[in-house]
Amino acid sequence: MYLTPQHVLLAGATGLTGEHLLDRLLNEPTISRVLAPTRRPLAEHPHLENPVGDPAVFLPQLAGRVDIAFCCLGTTLKQAGSETAFRAVDLDMVVAFSKRAREMGARHLLVISALGADAKSSIFYNRVKGEMEEALKQQDWPQLTIVRPSLLLGERIEPRLGERLAAPFSRLIPGKYRGIEACTLARALWRLALEEEDGIRVVESDELRKLGKK
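Note that the coordinates shown come from a computational prediction; the quantities given were computed from them, not determined experimentally.

Cut-offs applied
Residues numbered from 1 in each chain as written. Predicted model: local features only at pLDDT ≥ 70, side-chain atom pairs only at ≥ 80, totals over all residues. Heavy atoms only, no water. Buried < 20%, exposed > 50% of the residue type's maximum accessible area, 1.4 Å probe, protein only. Helix = DSSP H or I, 4+ residues; strand = E, 2+ residues; numbered from the N terminus. Pairing = 2+ DSSP bridges. Core = buried A, V, L, I, M, F, W, Y, C linked by side-chain atoms within 4.5 Å. Polar contact = N/O pair within 3.5 Å; in protein donor to acceptor, adjacent residues only side chain to side chain.

## Side note on the pairing of strand β4 (residues 68-71)
Now for step 1: Burial of the side chains of β4 extends over both faces: I68 and F70 are buried on one face and A69 and C71 on the other.
Now for step 2: As judged from the four bridges shared by strand β1 (residues 7-11) and β4, these two strands associate in the parallel manner. In the strand pairing of β4, L9 is matched with A69.
Now for step 3: Taken together, the four bridges between β4 and strand β5 (residues 108-112) define a ladder with parallel strand orientation.

Here you go:
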């Protein structure tokens, strides 16, 4: 059974995957409204609403019904500057966005987590991602899709040196550990959004690559 969303809420539209997903959403004939709050303005589009500013300020002010929500938020420890700042984005902001999306009527949340996410992990990054997943499960979503991509491949506005160095090798690793192109992940997210199956679904990177094939 399939659901065709018409009103979409998107967080992280200026990120590597978010940019690809936004382009796809704006070109889907079934979608009449994409609400995409960002810190910097996006290019104008007749179906795009783009509140700009501090998420802590405008998040409670977001209005209008939405059918579905995508959360592509995420940073790195280096970009964030501290573990506390990292948690503020990858845990607190994700949870707050998702809560607001539910209040606005969304019944399906699709969120980007990470390969190895585990709330009990000794690795800080994986532990925060796991804590985020557990927090979203407590929000009682009718349909929650958690995707766990491996290393994301693609050209970022602000290049990450570690990713650039690791990218050539990640393409050679088998299974779910192989790197995944951001455009492939975006296609997979949209196809997952069309599936109507209540409950929680966790999708690992190897399955995402299959779903995201052209």
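Next, the rest of the story.
## Comments concerning the nonpolar core
Now for step 1: Counting residues in hydrophobic clusters, the biggest one holds 32 residues, and the most contacted among them are L10, L25, F70 and L189.
Now for step 2: Counting only elements with at least two residues in this core, the list comes to β1, α1 (16-26), β4, β5, α7 (182-193) and α8 (205-211).
Now for step 3: Judged by nonpolar contacts, the second largest core, of 26 residues, contains L9, V128, L136 and L144.

## A closer look at the environment of N27
Now for step 1: Tracing the backbone shows N27 in the loop between α1 and β2 (33-35).
Now for step 2: Given the relative accessible area of 56%, N27 is considered exposed.
Now for step 3: In the structure, N27 is positioned 20 residues away from H47 in sequence and 9.4 Å away in space, judged by C-alpha atoms.
Now for step 4: Polar contacts involving the side chain of N27 include one to the main-chain carbonyl oxygen of D23, which spans 2.7 Å.

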